[in-house]
Amino acid sequence: MGSLDQRVVMVTGGAGGIGSAIARTVVAAGGHVVIHDIDQAAADALAKDLGPAAGAISADLSRPEDVDRLWHDAQRIHGEVDVLVNNAGAVSSLSLETNLDEWVGAWNHVLAVNLVAASILCRNAVRSFTARSQDGIIINISSLTAHRGAAEDNWHYGATKGGLLALTRTIARHYGRQGVTAFAVAPGFVVTPMSKEHLEREGHAKVAEVTALGQVAQPQDVANVVGFLATGLAKHSTGSTIDVNSGSYLR
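Keep in mind it's a predicted model, so treat the numbers as computed, not measured.

Participant: Which parts of the structure should I look at to understand the overall build of the protein?
Facilitator: The helix and strand inventory of the protein stands at 9 helices and 7 strands. Compactness check: the protein gives a C-alpha radius of gyration of 17 Å against a globular reference of 18 Å for 251 residues, within 12% of the reference. In terms of overall dimensions, the protein has C-alpha extents of about 50 × 40 × 40 Å along its principal axes. Excluding contacts between residues fewer than 6 apart, the proportion of contacts in the protein whose partners are at least 24 apart in sequence is 68%. Counting only carbon and sulfur atoms, one obtains 52% of the accessible surface of the protein, whose full area is about 11700 Å².

Set out below in structure tokens:
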């Protein structure tokens, strides 16, 4: 995969299934990690497990002022952040019969967490990266739904994940000559707490059946890709989206 050699990587939603796998991968590759999570206790527990190379921080990504503070607080843990991984995500179920106020409220929350918060952190990252001589990397965790569309009760989730792709490409196009590279990673079904309900409802074997590998991806499968991108070895792939969907959707 390559070495991260003291690089500082910030991971939002870092105590969750995919996030914790990314955090562990960063430390195993010689990097430092700043673990963000809305659950401070979970972030602290993971950081303690990973040792001095890890730090923990909490913020509510639905609140723009908290997101802005998060970036600056993260820089005080290990120094300047070299790699930003926007991994945190929110999802909820909405039917067409949901009343308008609840519908709009759910959209606003998912947009705030999945897209607006990511944009604020990307904004701060680009400003920080371009102000110094070292290159910086942004990795946005999108989704298979950005390509294929979401389930009928997850319009808002799919829309935000599609927005992350456009955000990534815009940053890659305009800031590459200033040392900023940006990538998106689009997982399909991954065995995580977020997907647990779907996997239990549909059946693990049924979900695996639609993949080319006959398997459902694990968090480490996503973390391996993120870890490689964080090394900077894929510089000339800036703007790209890397699919991790077990061949269930091929573009």
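Participant: So what exactly am I meant to see when it comes to the pattern of salt bridges here?
Facilitator: For the structure shown, the criterion picks out 9 salt bridges. In this structure, Arg-24 and Asp-49 form a salt bridge, with 2.9 Å as the shortest nitrogen-oxygen distance. Of this pair, Arg-24 sits in helix α1 (residues 17-28) while Asp-49 sits in helix α2 (residues 40-50); the two residues are 25 residues apart in sequence, bridging distant segments of the chain. You can call Arg-24 partly exposed: its relative accessible area is 39%. Connected via shared salt-bridge partners are Arg-63, Glu-65, Asp-66, Arg-69, Asp-73 and Arg-76.

Participant: Please clarify how helix α6 (residues 155-175) should be interpreted in this entry.
Facilitator: Because an α-helix packs 3.6 residues into every turn, residues spaced three or four apart end up facing the same way. Here α6 is 21 residues long and its end C-alpha atoms lie 31 Å apart, about the 30 Å a rise of 1.5 Å per residue gives. Listed in full, the buried residues belonging to α6 are His-156, Tyr-157, Gly-158, Thr-160, Lys-161, Leu-164, Leu-165, Leu-167, Thr-168, Ile-171 and Ala-172.

Basis of the calculations
Residues numbered from 1 in each chain as written. Predicted model: local features only at pLDDT ≥ 70, side-chain atom pairs only at ≥ 80, totals over all residues. Heavy atoms only, no water. Helix = DSSP H or I, 4+ residues; strand = E, 2+ residues; numbered from the N terminus. Rg over C-alpha atoms; globule rule 2.2 N^0.38 Å. Contact = heavy atoms within 4.5 Å. Areas by Shrake-Rupley, 256 points an atom, 1.4 Å probe, with all protein chains shown as cover. Salt bridge = Lys/Arg side-chain N within 4 Å of Asp/Glu carboxyl O. Buried < 20%, exposed > 50% of the residue type's maximum accessible area, 1.4 Å probe, protein only. Expected span 1.5 Å × (residues − 1).

None of the figures reported here should be taken as evidence of function without further support.
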